[in-house]
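# Remarks on the overall topology
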Amino acid sequence: MRCRSVGPGWVLLLVLSACSGNDVRDSPDGGQGADASQSDAAALWDPGPNPYAMDDVLRVNHIQARATHNSYHMEPASPVADSHRYTHAPLDVQLDAQGVRGLELDLHYRSTPEFEGFEVFHLPAFDDQSTCQRFVDCLQLLKAWSDSHPWHLPLMVWLEPKDEDADAFDDTLLPIEGRYDALEAEILEVWPRSRILAPDDVRGDHVDLPSALASDGWPTLGDARNKIMFALLDSGTHRDAYVSTEDNLAGKLLFVDASDPADAYAAMFKDANPQDGRALVEAGFLVTTNVAGADTPDADAQAELEATLPSGMHFLADDTPAPVEDRSYFLDIPDGQPARCNPVTAPAGCTSVDVEDL
């Protein structure tokens, strides 16, 4: 093992290994074939002292941050629709250079003699290019960035099953329903449970998630930094199957896309309009919305953004999170560093540098 420059989160690891190449590998959590277990590596990882003075006051729903739609997407050679004409930077570049804190990954399940597991792309045959084809590779990019940027905001990742007529173009693609345990297992291969903000961490001793939010609210940023949240982006078959055993998501790793604030699993909503979104924000729920697509004219996209920002919806997803050639529009959050205090929910005295200043 070569000694190398690292962030503060890995100082303890280097002290313990003394750059001797004993049991700790170069990669966070030990890497492939590492001797140390994931739980051991999680215990060793130390982000250093928290630099944020308001972290015992500010909560997860007190922020507003940039997000991306179909965050893995690469423009196909021959797009069949104008909405497919965009290419995102790799996930870690989005987090680092573009200030993205919310992501969306479309999931497929593939079974071949060489590989069985989840893959990330949009549509078989027509729009199947991805910056991280295997789900576990996407997770590792996010984890590596997180490890090297201690005290970042919690990352929000929506997971959308895309298995409708899965075998129409490729008989190696199988239905995702019934494979939710496998999905959670792939997540836990990379992210230790202690670094995941899950429904149990929000619900606590309450009977359901809405009751917990009404009584206690979201965890503080002090408790949520360096973590990741996952939510199932489906309001039909997959959601119903996932919540069928525990409708309050007890023991589950994923949140889900809620439809009714009274549902036992209601904590997060996706793709509300500004008026409905603001009402959900004021009620204490966490809301993600799509702002503009790659095929939205610049003037219309800017108008959508200006209507969305005051709503307080928390993660604003877009196909254009940073300036691109030949477009005047990109999703810019005023005063964000990269995120800002939520205009609806944040308490007085909050500033963007209190939210995140990496």
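Here the structure is shown first, and the text comes after it.
Residues numbered from 1 in each chain as written. Predicted model: local features only at pLDDT ≥ 70, side-chain atom pairs only at ≥ 80, totals over all residues. Heavy atoms only, no water.

Secondary structure summary: the chain contains 12 helices and 11 strands in total. Taking all 358 residues of the chain together, 53% fall into the buried category. When contacts within the chain are restricted to residue pairs at least 6 apart in sequence, those whose partners lie at least 24 apart make up 69%. Summed over its atoms, the accessible surface of the chain is roughly 15000 Å², and 48% of this surface lies on carbon and sulfur atoms. (Helix = DSSP H or I, 4+ residues; strand = E, 2+ residues; numbered from the N terminus. Buried < 20%, exposed > 50% of the residue type's maximum accessible area, 1.4 Å probe, protein only. Contact = heavy atoms within 4.5 Å. Areas by Shrake-Rupley, 256 points an atom, 1.4 Å probe, with all protein chains shown as cover.)

So, about a negative patch on the surface. Where like charges cluster on the molecular surface, the negative patch consists of Glu164, Asp165, Asp167 and Asp171. With respect to the helices, strands and loops of the structure, Asp167 is situated in the loop between β4 (155-161) and β5 (173-174). (Patch = residues over 30% accessible without salt bridge, like charges linked within 9 Å, V, L, I, M, F, W, Y side chains within 5 Å. Salt bridge = Lys/Arg side-chain N within 4 Å of Asp/Glu carboxyl O. Lys, Arg positive; Asp, Glu negative; His and termini not counted. Charge placed at Lys NZ, Arg CZ, Asp CG, Glu CD.)

A few words now on helix α10 (residues 274-282). Within α10, the full set of buried residues consists of Gly277, Leu280 and Val281. On an axial view of α10, the arc spanned by its buried residues comes to 100 degrees, and they lie on one face. In α10, those exposed residues whose orientation departs by more than 90 degrees from the buried face are Gln275 and Glu282. Turning to α10, the residues buried within the fold contact β8 (268-270) and β9 (286-290). Where α10 begins, the capping side chain belongs to Asn273, and its oxygen is found 3.1 Å from the backbone nitrogen of Gln275. Looking at the residues trailing α10, positive phi occurs at Gly284, about 100 degrees. (Arc of directions from axis to C-beta. Polar contact = N/O pair within 3.5 Å; in protein donor to acceptor, adjacent residues only side chain to side chain.)

Before going further, it helps to spend a moment on the state of the cysteines. Taken as a whole and assessed by the stated rule, the structure comprises two disulfides. Linked covalently through their sulfurs, Cys132 and Cys138 form a disulfide whose S-S length is 2.1 Å. Looking along the S-S bond of the Cys132-Cys138 disulfide, the torsion reads about 100 degrees, which is the right-handed sense. Summarising the burial analysis for this pair, Cys132 and Cys138 share the class buried. (Disulfide = S-S within 2.5 Å.)

So, about the pattern of salt bridges. All chains considered together, the criterion is met by 14 salt bridges. Two residues, Lys270 and Glu104, come together in a salt bridge whose shortest N-O distance is 3.7 Å. Linking Lys270 in strand β8 with Glu104 in strand β2 (residues 100-111), this pair joins segments that are 166 residues apart in sequence. Owing to a relative accessible area of 3%, Glu104 belongs among the buried residues under this scheme. Between Asp170 and Arg110 there is a salt bridge, with its nearest N and O atoms 2.7 Å apart. Placement of Asp170 in the loop between β4 and β5 and of Arg110 in strand β2 is noted, with a sequence separation of 60 residues between them. Judged by relative accessible area, which is 15%, Arg110 ranks as buried.

Right, let's get into helix α11 (residues 298-308). At 3.6 residues per turn, the α-helix brings residues three or four places apart onto the same side. Of the positions making up α11, those classed as buried are Ala301, Leu305 and Thr308. For α11, the arc enclosing every buried residue in end-on projection is 70 degrees, short of the 170-degree limit, so these residues lie on one face. Contact partners of the buried residues in α11: β1 (63-68), α10, β9 and β10 (315-318).

The biggest cluster of nonpolar side chains holds 85 residues, and the ones touching the most others in it are Phe135, Leu159, Ile187 and Phe230. Broken down by element, this core gets its largest block of residues, six residues, from helix α4 (residues 135-148). Phe135 has contacts with Leu105, Leu107, Phe118, Glu119, Val120, Leu159, Leu183, Glu186 and Ile187, leaving out every residue within four places of it along the chain. (Core = buried A, V, L, I, M, F, W, Y, C linked by side-chain atoms within 4.5 Å.)

A few words now on the environment of Pro199. When you line up the elements, Pro199 lands in helix α6 (residues 199-203). On the accessibility criterion, Pro199 (0% relative accessible area) is buried. Setting aside residues no more than four positions away along its own chain, Pro199 makes contact with Leu209, Leu249, Lys252, Leu253, Leu254 and Phe255.

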